[in-house]
Amino acid sequence: MIRRPPRSTPSNSSAASDVYKRQAMKGTDESVRLAAIAAAAKLGKDKSIVALVAALANGDAERSAARRELRRLPGPKASALIAARIASASPRVRGELLGLLAARGASEHLPLVLKHTADEDASVRIAAMEAAGTLGNTGTVPKLVELLKAAPDARHRDAAEKALEALCRKVRNPDRTAKPLLEALEGSSVEVRRALLRVLGKVPADAALEAIRRALKDDNDTVRYTALRAIAGWADERAADDLLALAKNASNIKNHALTLQGFIRVVGDSRKLTSEEKVAKLRAAVELARRADEKKQALGKLRNIHTPQALALVAECMDDKPIAQEAASAAVYIAGKMKVEAEDQSSVVLSAMAKVLKVAESDRLRKEAHKVASKHKLVSSKPGEGGPKKE
């Protein structure tokens, strides 16, 4: 008869080691306690996790070490053990544990997180809202909107707003996300409306953009300015025409720069506009700009458009002394990327490189212009014919 070997059990030395490490975490020497925290994390046992949670109430170094180790522990069981300690923990540790659930991506504990948005301690409520922004989904938006509207002070309102913004960056259904935000606009206080407009600026839904447009005509000055900033930060070309009109009609340089920068960004980054459309709109921006900063921003976007039209516009910008060097650099870059296939295109490159040789202050840039021109067989490569100047 074959006997089965007995099931293995933890050795006495292993159990003793476990006890020693948990006891060491209570010692008087901080270096020993920190070493014990790292050792306890490697054990990964239930009692060790309890000890690590307890260390969150200690000094900064130990709290940081315990937080790091608890975040690293693998699996949903560890998350469940962390969640189970929240109810009996002090307010400070409750906030830490809620943050750990968020850091671990433990979305299965979202109901518990939302429950603590009504915690008796303000710091815990703030931590719970932050965690909800990380762990939540589209269905969490109405709850956070309620918390925003009911916020007792600016601190709570800011936390709810940031949580909503975090959710809006990851949701897949912008129209559904926008709905509770739009409904809350009606009848809310000025501060709540401003917060909602800032969040709506992060929601890529047509209805959100339309609400921001309406808010640009609000009776309240601060609401109008919040709407202006929201539309200036809009993510795509749907706001381009609005931004150009706002820049044209801006009453001060600050609003002009804000809206024109937004216009240049959405045009330059658009995946829907053609190269020709981008160049035409960027030309309008350059002509409208009151400062060199916005012109340089437009040149930066034109560098990504490798067409004769873009090169011609950049060449014109070399006549504007404050941006001439940036324009010359952009011209060389664009020409170097272009595939010249027709005589009229060659003439644009030749004209632009000749202009670079006249205005460029950098010997390196002049050499690059010659190299680009020679590559396309547009200028003579003989020495002394428009060659780089000596500095």
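This text gives an overview of the structure that appears in the document. Keep in mind the model is a prediction, meaning the values are calculated, not measured.

What about the nonpolar core?
With 115 residues, the main nonpolar core has Leu181, Met353 and Val356 as its most contacted residues. Tallying contributions element by element places helix α8 (residues 122-135) first for this core, with 8 residues. Beyond its immediate stretch of four places on either side in the chain, Val356 contacts Met318, Ala328, Ala331, Val332, Leu365 and Ala369.

So, helix α4 (residues 60-72)
Helix length check: α4, at 13 residues, gives a terminal C-alpha distance of 18 Å against a target of 18 Å (1.5 Å per residue), a fit within 8%. All of the buried residues in α4 are Glu62, Arg63, Ala65, Ala66, Glu69 and Leu70. Seen end-on, α4 carries its buried residues on one side only, within an arc spanning 165°. Seen from the open side of α4, the exposed residues pointing more than 90 degrees away from its buried face are Asp60, Arg71 and Arg72.

Details of the packing of helix α3 (residues 46-55) against α4
Two numbers describe how α3 lies on α4: the axes approach to 8 Å, and their chain directions differ by 140°. The orientation of α3 relative to α4 falls into the category oblique. Taken as a pair, α3 and α4 cross one another with a handedness that is left-handed. Every residue of α4 that contacts α3 at Ile49, Leu52, Val53 and Ala55 is listed here: Glu62, Arg63, Ala66 and Leu70. Within the contact of α3 with α4, the residues separate by chemical class into 6 nonpolar, no polar and 2 charged.

Here's the deal with the layout of surface pockets
If you add up the space inside the largest pocket, you get close to 250 Å³. Lining of the largest pocket is provided by Leu182, Leu185, Glu186, Gly187, Arg193, Leu197, Ala211, Arg214, Ala215, Asp218 and Val223. Put simply, the parts of the chain that give the lining of the largest pocket at least two residues each are α11 (174-185), α12 (190-200) and α13 (206-215). Grouping the constituent residues of the lining of the largest pocket by class yields 6 nonpolar, 1 polar and 4 charged.

Focus: the packing of helix α16 (residues 253-269) against helix α17 (residues 275-288)
The N-to-C vectors of α16 and α17 enclose an angle of 165°; their axes lie 10 Å apart at closest approach. Comparing their axes, α17 and α16 come out roughly antiparallel. The way α16 lies across α17 gives a crossing that is left-handed. Contact residues: His256, Leu260, Phe263, Ile264, Val267 and Gly268 in α16; Lys278, Lys281, Leu282, Ala285 and Leu288 in α17. A class-by-class count of the residues in the contact of α16 with α17 yields 7 nonpolar, 2 polar and 2 charged.

Scoring rules and cut-offs
Residues numbered from 1 in each chain as written. Predicted model: local features only at pLDDT ≥ 70, side-chain atom pairs only at ≥ 80, totals over all residues. Heavy atoms only, no water. Core = buried A, V, L, I, M, F, W, Y, C linked by side-chain atoms within 4.5 Å. Buried < 20%, exposed > 50% of the residue type's maximum accessible area, 1.4 Å probe, protein only. Helix = DSSP H or I, 4+ residues; strand = E, 2+ residues; numbered from the N terminus. Contact = heavy atoms within 4.5 Å. Expected span 1.5 Å × (residues − 1). Arc of directions from axis to C-beta. Axes fitted to C-alpha atoms, helices over the stretch in contact; angles between N-to-C directions. Parallel < 35°, antiparallel > 145°, perpendicular 65-115°, else oblique. Left-handed = near helix turned anticlockwise from the far one by under 90°. Nonpolar A, V, L, I, M, F, W, Y, C, P; charged D, E, K, R; others polar. 1 Å grid on protein atoms, 1.4 Å probe; cavity = no way out; pocket = protein on both sides within 12 Å on 5 of 7 lines; lining within 4 Å. Points joined across faces, edges and corners; volume = space filled by probe spheres on them.

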